[in-house]
Amino acid sequence: MPAAFPSASPIETLYSDHHGWLLGWLRRRLGDACDAADLAHDTFVRLMVSSRTTNLGDEPRAFLTHVAKGLVADHWRRREVERAYLEAVAHLPEPEAPSPEAGMLIIESLLRIEAMLVTLPARTRQVFLLAQFDELTLQQISERMAMPVITVRRHIHKALVACMSVA
């Protein structure tokens, strides 16, 4: 008597029932079959490590779409950071340009910093960016933001602590 095969796991069933649909959905959004295949794969990997896999409700495609939309947003954000980085280093003479490996490390660091900045309260982020990119003094930021210098200092401190947690 042949041994019975165990029944498919919820993720296997979800994959077999909806992978083709998700791949098509992603292909239409991204316009690239390779990127769509990568993100479809990443969607199911994310579900495999998630505790929600067993409780998808009656609308598994809605849940897949939700997860995939987040991955698509991450994909476009990464592309934008890569584009900005390549634009910034394009003018550098060859000997000064970072190697491709260093460039990837820089892009990864920029993505981590960007992700951290998004988590900061809007005013903290704005104060920090004024200090870092516009190189304004505490007093100038205080005047521009209509807040006491001590509050500006606290916002910058909070942002710097968050930056140190990225490293």
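Calculation notes
Residues numbered from 1 in each chain as written. Predicted model: local features only at pLDDT ≥ 70, side-chain atom pairs only at ≥ 80, totals over all residues. Heavy atoms only, no water. Helix = DSSP H or I, 4+ residues; strand = E, 2+ residues; numbered from the N terminus. Rg over C-alpha atoms; globule rule 2.2 N^0.38 Å. Buried < 20%, exposed > 50% of the residue type's maximum accessible area, 1.4 Å probe, protein only. Contact = heavy atoms within 4.5 Å. Areas by Shrake-Rupley, 256 points an atom, 1.4 Å probe, with all protein chains shown as cover. Polar contact = N/O pair within 3.5 Å; in protein donor to acceptor, adjacent residues only side chain to side chain. pLDDT = per-residue confidence, 0-100. Axes fitted to C-alpha atoms, helices over the stretch in contact; angles between N-to-C directions. Parallel < 35°, antiparallel > 145°, perpendicular 65-115°, else oblique. Left-handed = near helix turned anticlockwise from the far one by under 90°. Nonpolar A, V, L, I, M, F, W, Y, C, P; charged D, E, K, R; others polar. 1 Å grid on protein atoms, 1.4 Å probe; cavity = no way out; pocket = protein on both sides within 12 Å on 5 of 7 lines; lining within 4 Å. Points joined across faces, edges and corners; volume = space filled by probe spheres on them. Core = buried A, V, L, I, M, F, W, Y, C linked by side-chain atoms within 4.5 Å.

Asker: Mind laying out the overall build of the chain, listing which residues take part and the relevant values?
Answerer: When you go through the chain residue by residue, the secondary structure sums to seven helices and zero strands. Secondary structure elements in the chain, listed N-terminal to C-terminal, are α-α-α-α-α-α-α. Computed over the C-alpha atoms, the radius of gyration of the chain is 23 Å, more than 25% above the 15 Å expected from 2.2 N^0.38 for a compact globule of 167 residues. Its C-alpha atoms give the chain principal-axis dimensions of about 80 × 45 × 30 Å. Here the chain, with 167 residues, has 32% of them falling under the buried criterion. In the chain, once contacts between residues fewer than 6 apart in sequence are set aside, the share between residues at least 24 apart is 56%. Carbon and sulfur atoms provide 60% of the accessible area of the chain, an area that totals close to 11,300 Å².

Asker: An account of the environment of D32 is needed here, citing residue identities and associated values.
Answerer: Summarising the element assignment, D32 is placed in the loop between α1 (10-30) and α2 (33-49). In this structure the side chain of D32 is engaged in a polar contact, spanning 2.7 Å, whose partner is the backbone nitrogen of D35.

Asker: Account for the side chain of T43, with residues named and values stated.
Answerer: Along the chain, T43 turns up in helix α2. Given a relative accessible area of 0%, T43 falls into the buried group. The residues contacting T43, other than those within four sequence positions of it, are L22, L64, V67, A68 and L71.

Asker: Can you explain the confidence of the model for the chain? Please cite residues and give values.
Answerer: The predicted model of the chain has a mean per-residue pLDDT of 89, with 91% of residues at 70 or higher. The secondary structure element of the chain with the lowest average pLDDT is helix α4 (residues 100-119), at 90, and the one with the highest is helix α6 (residues 138-145), at 96.

Asker: Let's hear about the packing of helix α3 (residues 60-89) against α4: which residues, and what values?
Answerer: Where α3 contacts α4, the two axes come as close as 10 Å, and the packing angle between them is 125 degrees. Relative to α4, α3 is oriented oblique. Crossing geometry of α3 relative to α4 is assigned as right-handed. Between α3, through R77, R78, V81, E82 and Y85, and α4, the contact on the second element is made entirely by G103, M104, I106, I107, E108, L110, L111 and E114. Class assignment for the residues of the contact of α3 with α4 results in seven nonpolar, one polar and five charged.

Asker: Account for the layout of surface pockets, with residues named and values stated.
Answerer: By volume, the largest pocket amounts to about 230 Å³. Lining the largest pocket are V81, A84, L110, I113, E114, L117, F128, L129, Q132 and F133. Elements with a minimum of two residues in the lining of the largest pocket: α3, α4 and α5 (122-132). Sorting elements by how many residues they give to the lining of the largest pocket places α4 first, with four residues. The residue makeup of the lining of the largest pocket, split by class, is eight nonpolar, one polar and one charged. Put simply, the second largest pocket is a space of about 200 Å³. In this structure, the second largest pocket is lined by D35, D38, L39, D42, R46, L71, D74, H75, R77, R78 and L111.

Asker: Help me get a handle on the nonpolar core, residues and values and all.
Answerer: Formed by 18 residues in total, the largest nonpolar core has its most connected members in L14, L22, L26, L39, F44, L47 and L64. Those elements giving two or more residues to this core turn out to be α1, α2 and α3. Looking at which element gives the most residues to this core, the answer is α1, with seven residues. What L22 contacts, discounting residues up to four positions off in sequence, is A40, T43, F44, L64 and A68. By size, the runner-up hydrophobic cluster in this structure holds nine residues, among which are V127, M145, M147 and V152.

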